[in-house]
Amino acid sequence: MIKAVFTAAAVLLSYCASAQKSLPVYLDDSKLIESRIEDALSRMTVEEKVAMVHAQSKFSSAGVPRLGIPENWMTDGPHGIRPEVMWDEWQQAGWTNDSCIAFPALTALAATWNRDLSRLYGKSLGEEARYRNKNVILGPGINIYRSPLNGRNFEYMGEDPFLTGEMVVPYIQGVQSNGVAACVKHFALNNQETHRHGVNVIVDDRALYEIYLPAFKAAVQKGKTWAIMGAYNKYKGLYACHNNFLLQDILRGEWGFDGAVVADWGGVHDTKESIFNGLDMEFGTWTDGLSWGQSNAYDNYYLAAPYLKLIKSGEVGTKEIDQKVRNILRLCFRTTMDRNRPWGSFGSPEHAQAGRKIAQEGIVLLKNTGNVLPLSSAKVKKIAVIGENAIKMMTVGGGSSSLKAKYEISPLQGIKLRAGSEFEVSYARGYVGDASGEYNGVKSGQNLKDDRRASEILAEAVQLAKSSDAVIFVGGLNKSDFQDSEGNDRKELGLPYDQDKVIAALAAANKNFVFVNISGNAVAMPWIKQVPAVLQGWFLGTESGNAIASVIFGDVNPSGKLTFSFPVKLSDNAAHATNSFPGTDEVEYKESIFVGYRWHEKEKIKPLFPFGFGLSYTTFEYSALKADKQKMTSDEKLTVKVDVKNSGKVDGAEIVQLYISDLKSSLPRPLKELKGFEKVFLKAGEKKTLSFEISKEDLSFFDDKKHQWVAEPGDFEAIIGASSEDIKGKIKFTLTQ
Ligand code: BGC
C-alpha cells in the first residue's frame, strides 16, 4: 500500500516537472515579454496572424484561440465605460450589469490643473474597464482646442500643449496600473468634426511639433501609453490611420513607440498603405451590420482577406504582419496576459466620489462681482433655479463618449439636496432647448417636452426670478448635434435656443443672478456686464449636481482655471481670424503656432476670459519672486521660486503658472508660453514657497529647417502669473550657450 502511494507521488512529481519543463516560453511569466512575444509569434499560422490585425466585432479583435491568447476588447472612453453594444451595431445590447460611473468630461479634468486628480481619474476609470473585462480604453482624447466650434472639444484638454501633456501622463499611468491599456486619440491633427473623414490638414512643421504633437509625445515617452488611435483626417494627403509620416517617421521613429496603433472606427481606406505605413489594428470599417458584405463582413476588412491574399500570392512578405502581431502581442502581455493585474471594480461609491472631487476642482468661477457667490442663508432664502440644463441628463449623447450612467445628479437635484430646509428652491424652465434624450438605445428616461410658447415660458421664469432672492440659471450647450457633440461642429459661438434673451431678462429681474454654463466650449456672453456671477460648469458626470451645489453654497472653494481662451467674438479666435476653419477637402492652419492665447497676445486682442483664468472665494498674494542664477548653460537648470499666501478668510487653492518668453529669437515665437504650473492648497492666512525648474527644453523652439529643437542663446523671461493675463512678476535671465 505504502509502496503504491510512493509510486503515485513519484509519477505525479515527474508529471509536474515535465509539465513545468514543457511550459511554453510565451506562457512563462518568468521570461521577458520580448522573448514571450517571439515564442508566441513562432507558433502562429499566417491566418492566425491576419485574424489579429482587424476587428471581429464592433469593439473586439481575435486572440489566438488555439494558443489560449485572449481576444482584445476595447471600450470607449474617455469619460466612462461605454455600455455593451450588439456584436456589430452601435446599438446598446441591453445588458443590465453595465451602468457605469460617468466621470467629468476631460475639459473639466484639465481645468483642475491637478496632476494627482488626473491619476485618480485614470486609476478609477481603469478599474471600471478592468471589471468589465475591457483591456483597452479608447481615450484619453488630447487633440488641441483650435476653434471653439469643434464639437469634440469637451473630450479634450484645451489649447495648450504643455498643460495637455502634463495632465495626460498621470491619466495614462492611472489607467495602465490596472493592466488596462490607454489608447490615446486621435493621432493627429483631428481638430474639427466638419469633413473629419477626409479633410487634408495642411500645417507647417513648427505648428505640428510645437502645438499639435507635444502632448502625444508626452503620452508616448512619459506616460508610456500602450496604444494610440489614428485620426480620421489626412495629413500630407495620406489618411492618418495609415500615414507614414505620422506613424513610422514620428511615432515609432522619433519617439520610439512600442505599443499598438489602432485605427479609428472606419478610419482605414487602403490595404497596402495599412500594411506598410505603421497601422496595427483595423476597426469599424464596415459598421452597418453583418448584412453588408459577404458571409462575414469582417473578412472584407482591408487588413483581413485582402491582406491574406497578398501574402499568400507572395506579393507582400511577412515582415510587416509579424511586426504588427508583435505590437498586438505586446498589448496582450501587458494587459490580458498579465496574471498579476488587479481585478478592478465597477460603479462603486469610491468612483462616484472620485468623479465628484474632480468635478468640484474643475469648476471655474469666471465672475463674482459683489460676491454674489457663495449663497448664504444669512442673505438668501428663496432660490430660483432656471434653465433646461438644470434638469437635463448630460451623460447620454454627444457621440462615442455617450454613457449609460448608474445615476446622474442634475444641478437642480444637487441644489435641492444641499439646500435642505435652509433654503427654499423653486424651478422654472426658462427656455426649451432639445427635449430629446436617447443615444444608441440608451434613454435618459426624461420627458422634457414642453409645448408652451417661448414667451410664456420666459414670463414664468421672470416672474419667479422677481419673487426670489437669488437666481441660478443653468444653461449653456448640450450633447445634441451641432453643439458639444461628435460628428459635427457648432455653427456659432453664441448660446443656442435664444438663451441670451432669457439671461438678459432674468439678470434684469434679479440682481443676484448666477449663470452656470454647462459646456465643453467657450460661448459668447454679450450680456456679461449685466451679469454679476458666472460659473463654468462643464459636463460633470454622475455627481454633476452635487459638485455644482457644493461650489454654489461655498462648501467647496472653486479652484479650477480655464484651459482655453474665451474669445469675445468668433473672429477673435485665430482659426477664424485667419478664415481657416473648417475648410473643405483641405484645411490650412494659417495661424501656425499662434493658437489660443498665443494668438490673443500676439494680436493684442483681449479675450472675454483668458487662458489660465479662474477666481476663488479667497484671495492670494504673490511675493519674493527670485531665481537661483541670472545665467544658465544648456546643461544647467535654473530654479525660480515664488511665495504665495492665502490672504483671504477661507481655505482655497491657487494655480500658479510659469510662462517663458524668449526676448529675441531668429524665428517668430509666441510672446510667452506655459512651461510650468503648480496647484497649491493654502489654509486661510497660510503661505508656501513654490519652486519651478527651467531647463533648455523649456526655452526651445522647433527649427523647421534643421528639423530639431533649438534653444537659442540669449535673454529670456520667467513670468509668474495667476493666469496668462494676470502677471505677478517677471525675472530676466540669459542662456549662455
Ligand atoms: C471616434 C472614436 C471612438 C470610436 C469608437 C469613432 O467614431 O472618433 O473616438 O473611440 O468611434 O466608438
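Residues numbered from 1 in each chain as written. Predicted model: local features only at pLDDT ≥ 70, side-chain atom pairs only at ≥ 80, totals over all residues. Heavy atoms only, no water.

Here we come to the side chain of E408. Inspection of the secondary structure puts E408 in the loop between β11 (382-386) and α14 (411-419). We note that E408 is buried and unpaired, the nearest opposite charge coming from K479 at a distance of 7.8 Å. One polar contact links the side chain of E408 to the main-chain amide nitrogen of M394, over a distance of 2.8 Å. Within the local environment of E408, its side chain forms a polar contact with the side chain of T395, the two groups lying 2.5 Å apart. Among all residues touching E408, those that are not within four sequence positions of it are K392, M393, M394, T395, Q413, G541 and T542. (Helix = DSSP H or I, 4+ residues; strand = E, 2+ residues; numbered from the N terminus. Buried < 20%, exposed > 50% of the residue type's maximum accessible area, 1.4 Å probe, protein only. Lys, Arg positive; Asp, Glu negative; His and termini not counted. Salt bridge = Lys/Arg side-chain N within 4 Å of Asp/Glu carboxyl O. Polar contact = N/O pair within 3.5 Å; in protein donor to acceptor, adjacent residues only side chain to side chain. Contact = heavy atoms within 4.5 Å.)

Right, let's get into the site of the ligand. Taken together, 15 residues form the shell around the ligand, and within it D76, R152, H186, Y232 and D264 come nearest. Between the ligand and D76 there is a distance of 2.5 Å, counted from an oxygen atom to a side-chain nitrogen or oxygen. Between the ligand and the protein, one listed contact pairs an oxygen atom with a side-chain N or O atom of R82 at 3.2 Å. Relative to its unbound accessible area of 310 Å², the ligand is 97% covered by the protein chains. When the residues that make up the shell around the ligand are grouped by side-chain class, the tally is 6 nonpolar, 2 polar and 7 charged. (Near = heavy atom within 4 Å. Areas by Shrake-Rupley, 256 points an atom, 1.4 Å probe, with all protein chains shown as cover. Nonpolar A, V, L, I, M, F, W, Y, C, P; charged D, E, K, R; others polar.)

All right, on to the pattern of salt bridges then. Where charged atoms from two side chains of opposite charge come close, those side chains can pair. Within the structure shown, the criterion is met by 49 salt bridges. The shortest N-O distance in the salt bridge between D258 and R334 comes to 2.9 Å. Of the two residues, D258 sits in the loop between α9 (244-254) and β9 (260-262) while R334 sits in helix α12 (residues 319-334), which places them 76 residues apart along the sequence. Note on D258: relative accessible area 31%, which makes it partly exposed. We classify R334 as buried; its relative accessible area is 17%. R356 is the partner of E543 in a salt bridge, and the nearest nitrogen-oxygen pair spans 3.9 Å. Of this pair, E543 sits in the loop between β17 (533-536) and α17 (544-552) while R356 sits in helix α13 (residues 349-362), and the two are 187 residues apart along the sequence. Assessed through its relative accessible area of 22%, R356 is described here as partly exposed. Where salt bridges share partners, they join R152, E155, E193, R196 and E486 into one cluster.

This next bit is on the packing of aromatic side chains. According to the stated counting rule, one finds 32 aromatic pairs in the structure shown. Between the aromatic rings of F162 and F677, the centroid separation amounts to 6.2 Å while the plane-to-plane angle is 85°, which identifies the pairing as edge-to-face. With F162 in helix α6 (residues 161-176) and F677 in strand β23 (residues 673-682), the pair connects residues that are 515 residues apart, well separated along the chain. The exposure class of F677 is buried, given its relative accessible area of 1%. The interplanar angle of 0° and the centroid separation of 4.0 Å between the aromatic rings of Y209 and F702 together place this pair among those described as stacked. Note that Y209 is positioned in helix α7 (residues 205-212) and F702 in strand β25 (residues 701-703), a separation of 493 residues in sequence. Judged by relative accessible area, which is 6%, Y209 ranks as buried. Taken together, the aromatic side chains of W113, F162, Y597, F611, Y659 and F677 make up a single cluster linked through ring pairs. Over the face of the ring belonging to Y589 we find R146, whose NZ or CZ atom lies 3.9 Å from the ring centre. (Phe/Tyr/Trp six-rings, centres within 6.5 Å; stacked < 30°, edge-to-face > 60°. Lys NZ or Arg CZ within 6 Å of the ring centre and 35° of its normal.)

This structure, assessed with the given rule, holds 0 disulfides. As a non-bridged cysteine, C183 has C241 as the owner of its nearest cysteine sulfur, 10 Å distant. The class of C183 is buried, set by a relative accessible area of 0%. Judged by relative accessible area, which is 0%, C241 ranks as buried. (Disulfide = S-S within 2.5 Å.)

When we look at burial in helix α8 (residues 214-221), the residues that qualify are A215, F216, A218, A219 and V220. Residues of α8 that are buried sit in contact with α6, β4 (181-187), α7, β6 (227-230) and α9.

A few words on α12. The end-to-end C-alpha distance of α12, which contains 16 residues, comes to 23 Å, matching closely the 22 Å that a straight helix rising 1.5 Å per residue would cover. Burial analysis of α12 places 14 of its 16 residues in the buried class, the great majority of the element. (Expected span 1.5 Å × (residues − 1).)

Bringing unusual backbone geometry into the picture now. The linkage connecting F187 with the following residue, A188, adopts the cis geometry, with an omega of 0°. Position of A188 relative to the elements: it lies in the loop between β4 and β5 (200-202). P374 follows L373 through a cis peptide bond whose omega is -5°. Mapping P374 onto the fold places it in the loop between β10 (364-368) and β11. One non-glycine residue, F482, lies in positive phi territory at about 65°. Here F482 shows up in the loop between β15 (470-476) and α16 (499-509). For F482, a relative accessible area of 39% gives the class partly exposed.

Contact geometry for α14 and α17: axes closest at 7 Å, N-to-C directions at 50°. In terms of orientation, α14 and α17 fall into the oblique class. In terms of crossing hand, the pair formed by α14 and α17 is right-handed. Touching P411, G414, I415, L417 and R418 of α14 are G545, N546, I548, A549 and I552, all from α17. Tallied by class, the residues present in the contact of α14 with α17 amount to 6 nonpolar, 3 polar and 1 charged. (Axes fitted to C-alpha atoms, helices over the stretch in contact; angles between N-to-C directions. Parallel < 35°, antiparallel > 145°, perpendicular 65-115°, else oblique. Left-handed = near helix turned anticlockwise from the far one by under 90°.)

With that settled, the discussion passes to the packing of α6 against α8. Axis separation between α6 and α8 bottoms out at 8 Å; the angle between their running directions is 25°. Judged by the angle between their axes, α6 and α8 are roughly parallel. Pair α6 / α8 crosses with right-handed handedness. Contacts between α6 and α8 involve P161, T164, G165, V168, V169 and I172 on the former and, on the latter, P214, A215, A218 and A219. By residue class, the composition of the contact of α6 with α8 is 8 nonpolar, 2 polar and no charged.

This part is about the confidence of the model for the protein. Summing up the model confidence of the protein, the mean pLDDT is 95 and the portion of residues at 70 or higher is 96%. This model gives residues 1-6 a pLDDT under 50, and the stretch forms 0 contacts once residues within four places in sequence are excluded. Taken as a whole, residues 8-17 scores under 50 in pLDDT and shows 0 contacts with residues more than four places along the chain or in a different chain. (pLDDT = per-residue confidence, 0-100.)

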